[in-house]
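# Structural overview for review
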Amino acid sequence: MILNTGARTDIVQYFSEWLLKRFEEGYVYARNPLFPHKVTEYILTPDKIDAVLFCSKNYAPILPRLHEISDRYRTYFYYTITAYGKDIEPGVPSIEESIQTLIKLEKIVGKKRIAWRYDPVLLTKDYTINRHLETFSAMAEKLASHIDRCIFSFVEVYKKLEVNMPELMPLTIDDKERLAEGLGRIAGKYGIYLQTCGTDDDYSRYGIYRSGCTTLKMLEEANNCIFKEIKHKGLRDGCHCIESRDIGAYDTCLNGCKYCYANKNPRIARDNYYKLHDPNSPLLLGHLNDDDVLVEGKQNSFLLSDEREISLFDFFN
């Protein structure tokens with residue numbers, strides 16, 4: 001089973017103590033967001049977890065103890081650093097601070113395990129195409145030697161976003177072409193492998209690869225292991241990612257990003273964080289209720305062999 005710690009909230013930035021406690025105790029509970037009374041238990045021992053995925057906008061809180069996880073488990077780290085400031089991402093560190101933290105992360109886990117996420121790409125009167133390309137270029141120059149790849153996606157406009165971010169300007173086909181051409185050109189200049197996420201649009205003419213942001217091939221190359229050949233459908237239309245199990249909870253992230261899909265509004269997230277989170281609970285929010293149904297999660301392995309690792313012999317024979 002592949003464990004995901006960052007699809008529903010920024011666990012690394014706001015719940016590191018809880019996460020480390022879960023790995024220390026060897027199990028975690030995850031409440032089903034569609035059926036709230038259904039709670040799934042996952043065993044977190046290394047023999048049950050193929051890899052642990054992290055996605056965060058600030059790894060600083062976990063860096064001092066990250067080795068407790070990274071030394072024992074196969075891992076991959078997504079670090080989201082965008083062009084936006086506090087007007088759009090109020091709880092996120094500055095670009096320069098984020099870059100320095102990513103460099104510190106790379107010293108711990110190695111560049112093969114780190115993907116820089118530059119997404120979502122969106123336009124406002126302040127965040128223009130030229131500003132994106134100028135900022136991306138300055139960031140790419142500093143990050144190129146510390147990352148495995150860069151992943152970007154264009155913002156998906158859903159109804160909640162129309163309310164939370166009225167300044168958002170619709171992306172036209174021409175806008176996307178100009179952005180893709182510019183991002184591809186800059187990535188090529190600095191030798192960065194650039195790929196899209198969550199779309200079937202083809203920008204290969206700009207040196208951009210179309211792939212899932214999490215594939216078994218990526219995890220193999222990052223962790224020197226071999227997975228089975230598995231056919232999968234992705235997580236939604238346009239998604240090419242391998243399936244994973246998320247242990248987070250919606251409406252809990254304090255970053256306050258205006259484009260966020262995981263929070264209804266910042267007030268609910270703050271209330272949940274300060275009133276319901278217990279670092280000692282197996283659940284990210286609250287505790288088991290009397291009417292909850294606790295089920296054992298399916299933890300099928302994707303590994304070809306539990307123990308086999310790629311060696312130099314494999315490459316040359």
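Residues numbered from 1 in each chain as written. Predicted model: local features only at pLDDT ≥ 70, side-chain atom pairs only at ≥ 80, totals over all residues. Heavy atoms only, no water.

## Structural notes on helix H4 (residues 95–109)
The following threshold applies: Helix and strand assignments come from DSSP, with helices taken as H or I runs of at least 4 residues and strands as E runs of at least 2, each series counted from the N terminus. What a helix is expected to span follows from its residue count: subtract one and scale by 1.5 Å. Buried, partly exposed and exposed residues are distinguished by accessible area as a fraction of the type maximum, computed with a 1.4 Å probe on protein chains only: under 20%, between the cut-offs, and over 50%, respectively.
The terminal C-alpha atoms of H4, which comprises 15 residues, lie 21 Å apart, in line with the 21 Å expected from a rise of 1.5 Å per residue. Along H4, the residues classified as buried are Ser 98, Ile 99, Thr 101, Leu 102, Ile 103, Leu 105, Glu 106 and Val 109. Among the residues trailing H4, Gly 110 stands out with phi positive, at a value near 90 degrees.

## Regarding the confidence of the model for the chain
Heads up, the condition is: Per-residue confidence from the prediction method is given by pLDDT, with values spanning 0 to 100. Whether two residues touch is decided by their heavy atoms; if any such pair falls within 4.5 Å, the residues are in contact.
This prediction gives the chain a mean pLDDT of 92; 93% of its residues lie at or above 70. Taken as a whole, residues 306–317 scores under 50 in pLDDT and shows 14 contacts with residues more than four places along the chain or in a different chain.

## Digging into the pairing of strand S6 (residues 114–121)
What counts here: Whether two strands pair comes down to DSSP finding at least two bridges between them. Handedness rule for crossovers: strands pointing away from the viewer, path from the first strand over the helix to the second running clockwise, crossover right-handed.
By the criterion of burial, S6 is predominantly enclosed, with eight of the eight residues buried. As judged from the four bridges shared by strand S5 (residues 75–80) and S6, these two strands associate in the parallel manner. Paired with Tyr 79 across the bridge in S6 is Trp 116. In terms of handedness, the path from S5 via H4 over to S6 forms a crossover that is right-handed.

## Comments concerning the sheet that holds strand S11 (residues 293–296)
Rules: With axes taken as lines fitted to C-alpha atoms, and helix axes fitted only over the stretch in contact, angles between N-to-C directions fall between 0 and 180 degrees.
Taken in spatial order, the three strands of this open sheet run S2-S3-S11, and their pairing is mixed. A single partner strand is all that each edge strand has here, and the edge strands are strand S2 (27–31) and S11. Mean inter-strand twist for the sheet, computed between neighbouring axes without regard to direction, equals 30 degrees.

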